[in-house]
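# Structural overview for review
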Amino acid sequence: MVVTDVMEPGHGANVDGGGRGISTATLLSELDRFLGLAMSTGDKRSHSGRRDAMSERDEQTAAETALFLLRNLPPARPAALAFLAHTLSSQVSSHIRGYSSGEGSRKNETQDEGLSGQLESLLGDLLESAPGVWGPLVSQWAVEQLGRWSVEWANTVVGRGDATLEEVVAGWLSCSPARTLAALTVECVAHDPDTAVAALLDASAASGPALDWLVAHVGCSFPATVISRVLSLGLRSFASCHGRPPEHQLASVNKILNHLADRHLADIRRSLHAILLRTFEGATDAEAQASVPFLLCLAVTSRSRAVLAALTSGIDTLLMPSDRLAALANQVSWWVPRYFVNHCQLQEMVVHLVLDTGGSAAPSILRLLLQALAPASKLPGSVGGAVNNILQGVVSEICMVTYMRRNSGPGRIHIPFLVGLRGGGLDGSDVGMVVGGKAVSPVAGLVEQIISTPSNETLINHLKQLITLVVVQQGPATANTTLGHLLRCSTKNGASGHQEILSAVITALVVHQTARHTHTSALSTALAGTLQPQMGASAILNSLSSLETLLCQSHKDRVQIHASLTDALLTNIPLLAELINDPVLGTACMQVLCQLPLKKPIPVGHVLSLSHAVIFYFFSSLHHTNLIKKVSGVGRCQRVLSQLSCSSLGLNQIIRLLVEGVFQPECAHLFGAVKKVNFASKEVKGELLIQANRQFNSWVKVPQSHTSIFHMGTIGSGRLSQHNHTPMPSSDTLKFHTQLLLNTLSVCCAAQTNGEGASTVALLLVELISPDIMFNGFPWPEEYIKFTFERDLAIKNTFEDFPVAWHLLEFVATHRAALSYCSVLVRALTAALTAYWNTCPFATAQNAPEALFATQHLLEVMVTAQFLPGPLRVLPQMVAHLAPFEMVCILQDVWMFMRDHTPSPDRWQELPSGYYQRAPDPPLVPGYTDRIQHIIQSNVHKLGHLMSSMVNAKS
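All residue numbers refer to position in the chain's written sequence, counted from 1. Note on the predicted model: pLDDT of at least 70 is required for a residue's local features to be given, and 80 or more for side-chain atom pairs to be given and counted; whole-chain, interface and lining totals, by contrast, use all residues. Calculated side-chain values reflect all of the structure's heavy atoms, with hydrogen atoms and water omitted.

## Overview of the overall build of the protein
Definition in use: Where helices and strands are cited, they refer to DSSP runs of H or I of at least four residues and of E of at least two residues respectively, numbered from the N terminus. Only protein chains enter the calculation, and the probe is 1.4 Å; a residue is then buried if its accessible area is under 20% of its type maximum, exposed if over 50%, and partly exposed in between. Any pair of residues with heavy atoms lying within 4.5 Å of one another is described as a contacting pair. Only the protein chains shown count as cover for residues, and all accessible areas are computed by the Shrake-Rupley method using a 1.4 Å probe.
The helix and strand inventory of the protein stands at 45 helices and six strands. Residue burial in the protein is summarised as follows: out of 955 residues, 50% are buried. Partitioning the contacts of the protein with sequence separation of at least 6, the portion at a separation of at least 24 is 74%. Summing over all exposed atoms, the protein offers an accessible surface of approximately 44100 Å²; the carbon and sulfur share of this is 56%.

Put into structure tokens, the structure is as follows:
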């Protein structure tokens, strides 16, 4: 070994070490002893490499003398370093042989550590005192020794030849001499990075992969410097060999980077991107032109996912400017003959690089490729064609793995690229990224970004194929997450590409699911996860909008997924019913329900929950001030309720909820209900009564006046104050609300052709309005005034407080036979109005407009339902011109007729048209019409035109 001395010869004393003056005689004496001991120690060493007691003692003395000369005698430094290297080599050999055989001596190890410690302390002090002098000397000497040892003991340092770089580093650092020289190398890099790293890389190039452990170890202390120098050396070798360097060189670079990737991934990323950026900075040297091929080869040969992620992370933002992609495209013709055999090899390498890219870099790679195909990129046609071929190759490889190799072995085959697209970890785990406690699929943001910009059919097809493969190849959990996030994507105006992708994903789910049309099927589970309330209103709103568009489009185009999608949504009706009650989501949810075939049999629980939710939405729509929103909301309700009413259970439930709702305080005012004045108690101070009376003691007491009365405190809660009430809608609005209600009832009742709906409304009116359940049969009793008088007044008051009750009664009357079921209400109203007119103080009925309105409506209801025969159908036209006593006569005659002709439902028969007709029409005896004729004669100037009806009846 030759060590170049950088000091001037002839110096007899140490001027750069400890700074102490030492005599020449002492230096010569130590030099003579060193030479003698060095020669004798070498002769006493046995052929087996073991040291006897005398040689150990002499060698220790020689080492101490060499350390003294190294510090104090510059001309002796080469010899001292050579002897120390020889001694340390002996210690390394002894350590490794003892480690391999298990017979290592603790005594020798202690001795080795003592010498190594002294050497490290000495050279460390020298480096601190004069780094410019000692740095190059120590670094070159240390890396040369470590390189020689690494080559000599490459396969035995850890006992086997296939050890990882981490195991090799640990093995060498367990050896005291190697650990000392490695520490000195690190210290030299700290003082003089350029010289020390150059010496390190030169030794690494001379020693080959055996010294990679030292480069990796030093890189842990100086990652940025070592990584950049290692990559620069690898690139230089790659360029000089025209892309065909020895395999061990790329392997060494990869192993060093892999070792540093755990803690210094950011430094690796910066260095790799810096090499790539040189291509776009106008550099024309061979290394700059070879940068991209070098990085491709490095990424393809790398076995570390972390290094691959460092290269590909953020690559889309780095290359997305179209001029950079165009610059790369221009260099392809120069790469192919020099670094790649042909274009197919380059394309195949890129395809495998894409497939091996996982984690968060996978969406970045796909985004870069898709954006290159977008019309907005304005790249040359050759670039678009190359990108298209790459994506086709990626899809083909994934299809081959998914469909051809899936059965070749147990379990799923994890493709890093697909795992990254679905949000999985680098190890293929199913746990994706989590944001706000929710799993996030990178596909959602990618689709949202691509669809929101102008795109072509080729781009959409590639994206659709890849996402479908993600769903199919990565299992049910991934399918649920991916579909959920695709539904929640926010797109502009329901972009057609978004619908195509959704259709493809749903088709893949339907084809590969094992359980069809149940709550456990993949599609049903995915929809259930998307519609959970905890997902947030904005996300659910996007999902509902996507579902509505998808249902409309698939139904229009007769796509096969429509039936499967509707079945999956029908299994999630409870969730949809829950969302209807949300003011933000109600309309969107109803629009989805309007697209579903609810006529098919669905579970009872679903019918009940959905009926409640839709009726709630109905009354909420009536509260809208906007007429368009009000009408459209009611229209949606009618469409859903008409389908639910196809079953008897649904019809009865819906009618009950509608009729009960109009009598509830929250909704009754929408139909003109007269509310009772609600009073609130006045807040009073909590003072004692005796304290309140003290205020009155100061007054002058006047006998027999209110001042002499003892104050008894506040009665009750003080003066009552009225709450501010919601203003009553206008009369036109009330009529409009009532008409919407009646239309909805008509739509629901039309679902059943047997008149069940109207009968249900009649029975509900009796249940809600009649205060008891007695005397609710069909017969009309003899005593029509005093019979259940209090109950009759209560019923009459209900009709006064809730005008909509009259309209409901008219609705029932249009179905004729159904009015028989609420005969008790007609009977009670007749009795109450007869009593009123019997005691009315006015001269004419027009002076009591409310009672006149009720009487006229009552008679019209009875005429509509054919309770009254033909001659008596003129009564509603007469009442406005009569006196109260004449009203009594008419109502008494009506009562007698109803008493003699009980309005039983079996007296009506159904016509082919669906209407009911009373048959036969009951005969009229003169007793029912005599007084009516007299009344007409008494008011002939007003009612004379009605006499013909009476005359015809008589004949």
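Next, the rest of the story.
## Comments concerning the pattern of salt bridges
Pairs can form between side chains of opposite charge once their charged atoms are near each other. To keep it simple, the criterion reads: Salt bridges are identified by distance alone: a Lys or Arg side-chain nitrogen within 4 Å of an Asp or Glu carboxyl oxygen.
Scanning the model with the defined rule gives seven salt bridges in all. Between Arg270 and Asp267 there is a salt bridge; the shortest N-O distance is 2.4 Å. Highlighted residues: Arg270 and Asp267, both in helix H11 (residues 247–277), separated by three residues, approximately one helical turn. Residue Arg270 is classed as exposed on the basis of its relative accessible area, which comes to 52%. As a salt-bridge pair, Arg656 and Glu660 come within 3.1 Å of each other at their nearest N and O atoms. One end of the pair is Arg656 and the other is Glu660, both in helix H32 (residues 648–662) and four residues apart, which spans about a single turn. Classification of Glu660 by relative accessible area gives partly exposed; the value is 25%. The structure contains a network of salt bridges with shared partners spanning Arg656, Glu660 and Glu767.

## Points about helix H14 (residues 305–312)
Taken across its eight residues, H14 has seven buried, putting it largely inside the fold. Restricting attention to buried positions, one finds in H14 the residues Ala306, Val307, Leu308, Ala309, Ala310, Leu311 and Thr312. Where H14 terminates, the next one or two residues include Gly314, which has phi positive at roughly 70 degrees.

## Re unusual backbone geometry
Leaving glycine aside, a negative phi is the common case for residues, and trans is the common case for peptide bonds. A positive phi is found at Arg816, a non-glycine position, where the angle reads about 55 degrees. In this structure, Arg816 sits in the loop between helix H38 (804–813) and helix H39 (823–838).

## Description of the confidence of the model for the protein
Here is the rule we go by: Each residue carries a pLDDT score, the predictor's own confidence in it, on a scale running from 0 to 100.
Residue-level pLDDT values for the protein average 76, and 75% of them are 70 or greater. Across residues 1–19 the pLDDT falls below 50, and counting only partners more than four positions away or on other chains, this stretch makes 36 contacts in the model. The low-confidence segment residues 426–438 (pLDDT under 50) makes 25 contacts with residues lying over four places distant or belonging to another chain.

## Topic: helix H22 (residues 457–473)
Cut-off, in case you're wondering: Expected helix span is taken as 1.5 Å per residue step, with the number of steps being one fewer than the number of residues.
Along its 17 residues, H22 runs 24 Å from first to last C-alpha, staying within 8% of the 24 Å computed at 1.5 Å per residue. Here H22 lies mainly inside the structure; twelve of its 17 residues are buried. Among all positions in H22, only Leu459, Ile460, His462, Leu463, Leu466, Ile467, Thr468, Leu469, Val470, Val471, Val472 and Gln473 are buried.

## Looking at the packing of helix H5 (residues 131–152) against helix H8 (residues 193–207)
What counts is decided by this rule: Interaxial angles span 0 to 180 degrees and are taken between N-to-C directions of axes, which are lines fitted to C-alpha atoms, for helices over the stretch in contact. If an angle is under 35 degrees, it is roughly parallel; if it is over 145, roughly antiparallel; if it lies from 65 to 115, roughly perpendicular; otherwise it is oblique. Crossings are classed by handedness, with left-handed meaning an anticlockwise turn of the near helix from the far one by less than a right angle and right-handed meaning a clockwise turn. Lys, Arg, Asp and Glu make up the charged group, whereas Ala, Val, Leu, Ile, Met, Phe, Trp, Tyr, Cys and Pro make up the nonpolar group; the residues left over, Gly among them, are polar.
Here H5 crosses H8 at 20 degrees, and the two axes come no closer than 9 Å. Here H5 lies roughly parallel to H8, going by the angle between them. Two packed elements cross with a definite hand, and for H5 against H8 that hand is right-handed. Across the interface between the two elements, Pro136, Ser139, Gln140, Val143, Gly147 and Val151 of H5 pack against Thr195, Ala196, Ala199, Leu200, Ala203 and Ser207 of H8. Considered class by class, the residues forming the contact of H5 with H8 number seven nonpolar, five polar and no charged.

## Here's the deal with the side chain of Asp893
Among the structural elements, Asp893 can be located in helix H42 (residues 884–900). Excluding anything up to four places from it in sequence, Asp893 contacts Gly927, Tyr928, Arg931 and Ile932.

## Side note on the environment of Cys188
Inspection of the secondary structure puts Cys188 in helix H7 (residues 176–191). Cys188 sits 64 residues away from Gly124 along the chain, and the two C-alpha atoms are 9.1 Å apart. Other than its neighbours up to four places away in sequence, Cys188 contacts Leu127, Gly135, Val138, Ser139, Pro193 and Ala196.

## Comments concerning the nonpolar core
Here is the rule we go by: Residue types Ala, Val, Leu, Ile, Met, Phe, Trp, Tyr and Cys, when buried and joined through side-chain atoms within 4.5 Å, form a set referred to as a nonpolar core.
With 272 residues, the main nonpolar core has Trp837 and Met878 as its most contacted residues. In this structure Met878 touches Ile890, Ile932, Ile935, Ile936, Leu943 and Leu946, once residues within four positions along its chain are discounted.

## So, the packing of aromatic side chains
As a reminder of what qualifies: Centres within 6.5 Å make a pair out of two Phe, Tyr or Trp rings, where for Trp the six-membered ring is used; the pair is then stacked when the planes are under 30 degrees apart, edge-to-face when over 60, and tilted otherwise. By the criterion adopted, a ring carries a charge over it if an Arg CZ or a Lys NZ lies within 6 Å of its centre and within 35 degrees of its normal.
Here the structure, examined in full by the defined rule, presents twelve aromatic pairs. Seen from their ring centres, Tyr836 and Trp837 are 5.3 Å apart, and the 75 degrees between their planes marks the pair as edge-to-face. On the basis of relative accessibility, which here comes to 28%, the residue Tyr836 falls in the partly exposed class. Judged by its relative accessible area of 1%, Trp837 is buried. Site record: aromatic cluster; members linked through ring pairs are Phe238, Phe294, Trp334 and Tyr339. Positioned over the ring face of Tyr836 is Lys796, at 5.7 Å from the centre of the ring.

## Describing the environment of Leu81
You can see Leu81 is positioned in helix H3 (residues 77–101). Leu81 sits 61 residues away from Ala142 along the chain, and the two C-alpha atoms are 9.8 Å apart.

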